[in-house]
Amino acid sequence: MALHFELVTPAKLVRSEEVHMVVVPGTEGEFGVLEGHAPFMSTIRDGAVQVYKTEGGAPETIEVRGGFAEVSEKGLTVLAEHVEG
């Protein structure tokens, strides 16, 4: 089972891939998203999105600044104001 993850900025689509889990720096605290997560939306704070490609694997860290995260039946979309790198 895989989670469809997209990372988007106003300028471009940064990522679109199938992953195991993503941890997002929400303004109310970090939250992890796995495949089948209940739908919701959250604002995100400046921080690191951690992308786990496999269960038990080391995360890839992507620094983001501001934006929103949306979990839907299609997966997780992070709409970041800015992505480092």
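Each remark here, short or long, concerns the structure printed above.
Residues numbered from 1 in each chain as written. Predicted model: local features only at pLDDT ≥ 70, side-chain atom pairs only at ≥ 80, totals over all residues. Heavy atoms only, no water.

Peer 1: Explain the side chain of Glu 17 residue by residue, including any values.
Peer 2: By the element assignment, Glu 17 lies in strand S2 (residues 13-19). In this structure the side chain of Glu 17 is engaged in a polar contact, spanning 3.0 Å, whose partner is the side chain of Arg 15. Beyond its immediate sequence surroundings of up to four residues, Glu 17 is in contact with Leu 3, His 4, Phe 5, Val 51 and Lys 53. (Helix = DSSP H or I, 4+ residues; strand = E, 2+ residues; numbered from the N terminus. Polar contact = N/O pair within 3.5 Å; in protein donor to acceptor, adjacent residues only side chain to side chain. Contact = heavy atoms within 4.5 Å.)

Peer 1: Provide a residue-level description of the environment of Leu 3, including the pertinent values.
Peer 2: Looking at where Leu 3 falls in the secondary structure, it is placed in strand S1 (residues 3-8). Of the residues examined, Leu 3 reaches a relative accessible area of 3% and is grouped as buried. Distance from Leu 3 to Lys 53, taken between C-alpha atoms, is 9.5 Å for residues 50 residues apart in sequence. If we skip the residues at most four places from it in the chain, Leu 3 touches Glu 17, Glu 18, Val 19, His 20, Val 22, Val 33, Leu 34, Glu 35, Gly 75 and Leu 76. (Buried < 20%, exposed > 50% of the residue type's maximum accessible area, 1.4 Å probe, protein only.)

Peer 1: Which residues make up the environment of His 20, and what are the values?
Peer 2: Residue placement: His 20 occurs in the loop between S2 and strand S3 (21-26). Looking at His 20, the relative accessible area reads 22%, which means it is partly exposed. His 20 has contacts with Leu 3, Val 33, Leu 34, Glu 35, Tyr 52, Lys 53, Thr 54 and Glu 55, leaving out every residue within four places of it along the chain.

So far we have only geometry, and geometry alone does not tell us how the molecule works.
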